[in-house]
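# Report on the structure
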Amino acid sequence: MKKRLLGVAAAAIMLVAASLSIAAPAQAAESPVALCGSDYYVLDSHGVSGATVYVLASRGGAAYNCVVTIKTANRGKATWVAASIGTPDGRSGIDEGNFLYYAGPIRISAPSQCIQWGGAGGNRSWWTSAWSYCS
């Protein structure tokens, strides 16, 4: 009887240990600063369908900007989301596709220039800023 109880107890302990060792799904970074880098700060944001688009600037004299679109709906499910950035001289970047948590980050050097930034969420309806954030 004691051996059987010890065997059942050992099996229960092994089952609990196995369930605790299963890793939880990785979580995406929750902040635009974590995605763009700690040397960036948020300039502005704009809500789009199922996401928020952020534009950030680098600290100091580097004059870099970063755009990231973070999903607010359907997180963890691959749905379409996009982020874009451009300069008047024609340099631009875009990241779009079916992502779990966010699109981007996209970084661009824009010293002494204005940038245009934007993004989109679940319904693929784009929002784009006017030329803004001139450095």
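Residues numbered from 1 in each chain as written. Predicted model: local features only at pLDDT ≥ 70, side-chain atom pairs only at ≥ 80, totals over all residues. Heavy atoms only, no water.

Taken together, the 4 strands give an open sheet; going across it, the order is β5-β4-β7-β8, and neighbouring strands pair in antiparallel fashion. Edge strands, defined here as strands with exactly one partner in the open sheet, are β5 (92–99) and β8 (127–128). The sheet contact formed by strand β7 (residues 116–120) and β8 spans 2 bridges and is antiparallel. Counted as the bridge partner of Gly 118 is Thr 128 from β8. (Pairing = 2+ DSSP bridges. Helix = DSSP H or I, 4+ residues; strand = E, 2+ residues; numbered from the N terminus.)

A covalent bond between the sulfur atoms of two cysteines is referred to as a disulfide. Applying the stated rule across the entire model yields 2 disulfides. For Cys 36, the disulfide goes to Cys 66, at an S-S distance of 2.0 Å. Because the sign of the S-S torsion sets the handedness, a value of about -75° for the bond joining Cys 36 and Cys 66 places this disulfide among the left-handed ones. With a gap of 30 residues between them, Cys 36 in helix α2 (residues 32–36) and Cys 66 in strand β3 (residues 64–71) connect regions that are remote in the sequence. On the basis of relative accessible area, Cys 36 is assigned to the buried category, the value being 4%. Between the sulfur atoms of Cys 114 and its disulfide mate Cys 134 the distance is 1.9 Å. Where Cys 114 bonds to Cys 134 through sulfur, the torsion about that S-S bond is close to 95°, and the disulfide is right-handed. Of this pair, Cys 114 sits in the loop between β6 (102–109) and β7 while Cys 134 is found in the segment after β8, placing the two residues 20 residues apart along the sequence. When the cysteines engaged in disulfides are numbered in sequence order, the chain pairs them as 1-2, 3-4. (Disulfide = S-S within 2.5 Å. Buried < 20%, exposed > 50% of the residue type's maximum accessible area, 1.4 Å probe, protein only.)

The strands making up a sheet are joined through hydrogen bonds of the backbone, oriented either antiparallel or parallel. Here 4 strands make up an open sheet; going across it, the order is β1-β2-β3-β6 and the pairing antiparallel. Edge strands, defined here as strands with exactly one partner in the open sheet, are β1 (40–48) and β6. Neighbour-to-neighbour, the strand axes of the sheet open up by a mean angle of 15°, direction not taken into account. (Axes fitted to C-alpha atoms, helices over the stretch in contact; angles between N-to-C directions.)

Of note, Arg 75 is situated in the loop between β3 and β4 (79–86). Since its relative accessible area comes to 29%, Arg 75 is described here as partly exposed. A C-alpha to C-alpha distance of 9.2 Å links Arg 75 and Gly 50, two positions 25 residues apart in sequence.

Take the confidence of the model for the chain next. Looking at the chain as a whole, its pLDDT mean stands at 81, while 77% of the residues score no less than 70. Across residues 1–28 the pLDDT falls below 50, and counting only partners more than four positions away or on other chains, this stretch makes 5 contacts in the model. (pLDDT = per-residue confidence, 0-100. Contact = heavy atoms within 4.5 Å.)

Take the packing of aromatic side chains next. Under the definition given, this model contains 2 aromatic pairs. Taking the centre distance of 6.1 Å and the plane angle of 75° together, the rings of Trp 80 and Trp 126 count as edge-to-face. Residue Trp 80 is found in strand β4, and its partner Trp 126 is found in the loop between β7 and β8; the two are separated by 46 residues along the sequence. Both rings, one in Trp 117 and one in Trp 127, keep their centres 4.9 Å apart while their planes meet at 70°; by these two values the pair is edge-to-face. Residue Trp 117 is located in strand β7, and its partner Trp 127 is located in strand β8; the two are separated by 10 residues in the primary sequence. For Trp 117, a relative accessible area of 1% translates into the label buried. (Phe/Tyr/Trp six-rings, centres within 6.5 Å; stacked < 30°, edge-to-face > 60°.)

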